[in-house]
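Now for the letters of each chain:
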Amino acid sequence: MSETIQTLLQENRSFPPSPEFIAQANVSDPEIYAKAAADPEAFWESWAKQLDWFEPWHTVCEFTPPDAKWFVGGKLNATYNCVDRHANGARKDKPAIIWEAEPGNSRTITYGELKDEVSRLANAFKALGVGKGDRVSVYMPMVPELAYVMLACARIGAAHSVVFGGFSAESLEERTNDADCKLIVTADGGWRRGHIVPLKATVDEAMDLGCPSVSHVLVLKHVGPEGTLTNGLAAPKYNEGVWQEGRDVWWHEIVPQQSTDCPCEPMDSEDLLFILYTSGSTGKPKGIVHTTGGYMTGTYATSKWVFDLKDEDIHFCTADCGWVTGHSYVVYGPMANGATVLMYEGAPDTPDKDRLWRIIEKHKATILYTAPTAIRAFMKWGTQYPDRCDMSSLRLLGSVGEPINPEAWIWYHETIGKGRCPVVDTWWQTETGAIMITALPGITATKPGSATQPFPGISVSVYSESGVGNQITGPGVTGKAGGGFLVLTKPWPSMTRGIFNDPARFQRTYWSRFENAYFAGDGVKLDEEGYLWLLGRVDDIMLVSGHNISTMEVESALVDHPSVAEAAVIGKTHDLKGQAISAFVILRGGHENHPGLVDELKGHVAHKIGALARPDDIFVCAELPKTRSGKIMRRLLRDVAEGRALGDTTTLADPAVVALLKDKYESSES
Ligand code: 6R9
């Protein structure tokens, strides 16, 4: 591998914050970066002090790589901070959750009601034998009760492990056993594109595969005839599963009669708050561990500064709670701030492709936080959908999950934000717990496609293969411009404390590549002005004639072409060059594949970034293989392009997509 990663794509547009935004921003003083860098521990301590603690800490941070402890000796409860302190005070009647379901019904839950609901559920957990130190597997749709479950666990000191409701019985069984869970909480079903996802039936299957530690399955009636369907429609038919007396318990038969009195368990700052499984590129999923004090501090601080969160805001994060973004920016971060969160259960194109915009219009959302994959789908569908909705309530837009291509950024800024709303592109991971690299909307001049700078108190470095690079701690801190490996060089409060039951794998995966630094697995480039540009996973970076080229940059050059909505680029084995660039593209609505288009696209890439990056072949397709959280699985595209049997497809949103793609690809070749 050559010493650094080549970076080729240039992007010079810049968007400074407006004077009106600066005037009202939660933070607008650029000095905070230097202050935080001078004493990061004092900086984080000032945030921890904004939480409510039962007992203070005696030491801010103890760090012996890879093991970190924050706010050592302190005692607190996450739910107390997210619920009780608001319910017991001025926010008692303030909406905590506004929820909308796919069929169109919605519900609003105030902080006062949330406290009662969570307390009753927490008492029901106790009645089912769950207590401090236990673990609970959660397999639910995006309903308010999912937040209740997370918060009820935290209230009594049990840890939750949320498994995305689209995962298979095998995935649920594997995760439930790895975490040794006592209880599974589920629902009869959940909504998706007018159909019902049979959750309870899948839990039954997982139980049949064998989950010996589970003694009960708690089931919310959500879509059944007596469910919450208030639009008068009959629920479609679905598989209800098989009821097992003694094991299965209906939520409505145990929760409502519980007392609303359930004290919050004082937890040590370093006690387990939750486990969340992420699929490694190979091998079994990793149970990423987060503890209480540091995680709450990190998510609280970033919610307040990155989203400029205010009491009046309606915060709409479209992520499912099966993903870390749902943990940190639907539940813990915004609720620690006493914010109102908007939750949606369902698909963005049901009943029509304007659904998200209708929800924003109806509930007057002020902040929208979504993923590039969704933005590119909206671009593909066309502007007529957002254009027919009133989204004047929006004041800030966020992006997370993948690098956002500059053209998608511009589209988001203009078509959704009407040029008024700052766009924050936020880089982070399940492992980092909270946002690490981002613009601060009242300070940073943003550049489309750049996540800009580390959050104050975070130290990032762009390392060469040999582990050299200087620390970037804010704007204006420039190092050697160019590409390399993204590492975090100082501990931060919300960092993962490890992989559940596997310290050796933790050390090997993140802490062995470079000494005393956390290696995130991503490539990044630093530009002359000290801005960071994420380049995707280093495993995806191509080696073409001795040059490391980022797949992301070639993809962005393709998406820059007016006919392309989405692109995925891979390196395909090539006798002479090592790897040849191979691209898969999806066209925008209204554009057809025509003879000459492929050559035009190749020429466009060569023109944008140079002949070196000219793709050898381009395949026009209808869909790309993606994970449940919308990340393109390039590994499977390499299997397709190189004619191999497909590798593990269990984490795909829809395994049929890649099977079909493989057929079409092979028939086009012959
Ligand atoms: C929050 C989340 C983490 C990986 C990460 C990186 C990619 C996330 C990004 C981004 C470029 C951004 N990623 N945000 N890449 N720009 N703004 O996504 O967590 O599911 O654990 O994924 O996602 O490759 O390493 P997770």
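Computed from a predicted model, the values in this text were never measured in an experiment.

Parameters and conventions
- Within every chain, residues take consecutive numbers counted from 1 along the sequence as written.
- The predicted origin of the model limits local features to residues at a pLDDT of at least 70 and limits the giving and counting of side-chain atom pairs to 80 or more, whereas totals for whole chains, interfaces and linings rest on all residues.
- Just so you know, side-chain values use all the structure's heavy atoms and leave hydrogens and water out.
- What makes a nonpolar core is a set of buried Ala, Val, Leu, Ile, Met, Phe, Trp, Tyr and Cys residues whose side-chain atoms join them at distances within 4.5 Å.
- Buried, partly exposed and exposed residues are distinguished by accessible area as a fraction of the type maximum, computed with a 1.4 Å probe on protein chains only: under 20%, between the cut-offs, and over 50%, respectively.
- The way it works is that DSSP assigns letters per residue, a run of H or I at least four long becomes a helix, a run of E at least two long becomes a strand, and they are numbered from the N terminus.
- We call two residues in contact when some of their heavy atoms are within 4.5 Å.
- Strands are treated as partners if at least two bridges between them are detected by DSSP.
- Here an angle of 0 to 180 degrees is reported between the N-to-C directions of two axes, which are lines fitted to C-alpha atoms, with helices fitted over the stretch in contact.
- We define a polar contact as two N or O atoms separated by no more than 3.5 Å, with the added condition that, inside protein, one atom must be a possible hydrogen donor and the other a possible acceptor, whereas residues neighbouring each other in sequence contribute only through side-chain atom pairs.
- Think of it this way: one heavy atom of a residue within 4 Å of a molecule or strand is enough to make that residue near it.
- Here the Shrake-Rupley method, with its probe set to 1.4 Å, supplies the accessible areas, and only the displayed protein chains count as covering residues.
- Residues were grouped as follows: Ala, Val, Leu, Ile, Met, Phe, Trp, Tyr, Cys and Pro as nonpolar; Asp, Glu, Lys and Arg as charged; and all remaining residues, including Gly, as polar.
- The directions from the helix axis to the C-beta atoms are what the arc is built from.
- Between rings of Phe, Tyr and Trp, where Trp is taken as its six-membered ring, a pair exists when centres lie within 6.5 Å; planes separated by under 30 degrees are stacked, by over 60 edge-to-face, and by other angles tilted.
- In our convention, an over-ring charge means Lys NZ or Arg CZ found within 6 Å of a ring centre and within 35 degrees of that ring's normal.

Visitor: For the nonpolar core, give the residues involved together with the corresponding values.
Guide: Within the largest apolar cluster, 140 residues are counted, with the highest numbers of intra-cluster contacts made by Ile97, Leu114, Phe125, Leu218, Trp251 and Tyr332. Counting residues per element, this core draws most heavily on helix α6 (residues 144-156), at 10 residues. Residues in contact with tryptophan 251, not counting those within four places in the same chain, are Leu121, Met140, Glu145, Tyr148, Val149, Val185, Leu218, Val219, Leu220 and Pro256. In this structure, Ile314, Tyr344, Ala365 and Trp409 belong to the second largest nonpolar core, which totals 29 residues.

Visitor: Which residues make up the sheet that holds strand β7 (residues 159-162), and what values go with them?
Guide: Strand pairing in a sheet is mediated by backbone hydrogen bonds. Such pairs are either parallel or antiparallel. If you trace the eight strands from one edge of the open sheet to the other, you get β12-β11-β8-β6-β7-β14-β15-β26, paired in mixed fashion. Of all the strands in the sheet, just β12 (248-250) and β26 (498-499) have a single pairing partner and so form its edges. For strand β6 (residues 135-139) and strand β8 (residues 183-187), the ladder comprises four bridges, and the chain directions are parallel. By the bridge assignment, tyrosine 139 is partnered in β8 with threonine 186. Helix α11 (residues 324-336) rests against β7 and β14 (272-278) of the sheet, and its axis sits at about 140 degrees to β14.

Visitor: Break down unusual backbone geometry for me, citing the residues and quoting the values.
Guide: For the bond from proline 65 to proline 66, the omega torsion is 0 degrees, close enough to zero to count as cis. Among the secondary structure elements, proline 66 is positioned in the loop between β1 (59-64) and β2 (67-72). With an omega of 0 degrees, the peptide bond between threonine 350 and proline 351 qualifies as cis. Looking at the secondary structure, you find proline 351 in the loop between β17 (340-345) and α12 (355-363). Its identity as a non-glycine residue notwithstanding, serine 545 has a phi of 45 degrees, on the positive side. With respect to the helices, strands and loops of the structure, serine 545 is situated in the loop between β29 (542-544) and β30 (547-549).

Visitor: Requested: an account of the side chain of threonine 292, with residues and values cited.
Guide: Relative to the helices and strands, threonine 292 resides in helix α10 (residues 292-306). The class for threonine 292 is buried, based on a relative accessible area of 2%. Polar side-chain contacts of threonine 292 include one of 2.8 Å to the backbone oxygen of aspartate 271. If sequence neighbours within four positions are ignored, threonine 292 has contacts with Leu76, Ala78, Met267, Asp268, Ser269, Asp271, Leu272 and Leu273.

Visitor: I'd love a proper account of the site of the ligand, names of residues and values included.
Guide: The environment of the ligand is formed by 17 residues, the closest being Trp323, Asp425, Thr426, Thr430 and Arg537. Note that a nitrogen atom of the ligand is positioned 3.4 Å from one of the backbone N or O atoms of proline 403. One nitrogen or oxygen atom from the side chain of threonine 430 is found 2.6 Å from an oxygen atom belonging to the ligand. Alone, the ligand offers 530 Å² of accessible surface; in the complex the protein occludes 93% of this. Secondary structure elements with two or more residues in the shell around the ligand: α11, β20 (423-426) and β28 (532-537). Looking at the shell around the ligand residue by residue, the class counts come to seven nonpolar, five polar and five charged.

Visitor: So, helix α3 (residues 40-48): which residues are in play, and what are the values?
Guide: Since the α-helix packs 3.6 residues into each turn, any two residues three or four apart lie on the same face. For α3, the full list of buried residues reads Pro40, Phe43, Trp44, Trp47 and Ala48. The buried residues of α3 occupy an angular sector of 140 degrees when projected down its axis, which confines them to one face. The inward-facing, buried residues of α3 contact α2 (31-38), β2 and α10.

Visitor: An account of the packing of aromatic side chains is requested, with residue identities and associated values reported.
Guide: Under the definition given, this model contains 37 aromatic pairs. The interplanar angle of 70 degrees and the centroid separation of 5.0 Å between the aromatic rings of phenylalanine 43 and tryptophan 44 together place this pair among those described as edge-to-face. Across the pair, exposure class does not vary: phenylalanine 43 and tryptophan 44 are buried alike. By way of ring pairs, the aromatic residues Phe43, Trp44, Trp47, Tyr300, Trp305 and Phe455 are connected into one cluster. One residue, arginine 175, lies across the ring of phenylalanine 167, its end atom 4.8 Å from the ring centre. Over the ring of phenylalanine 485 we find arginine 513, and its NZ or CZ is 4.7 Å from the ring centre.

Any functional reading would require information beyond the geometric quantities listed.
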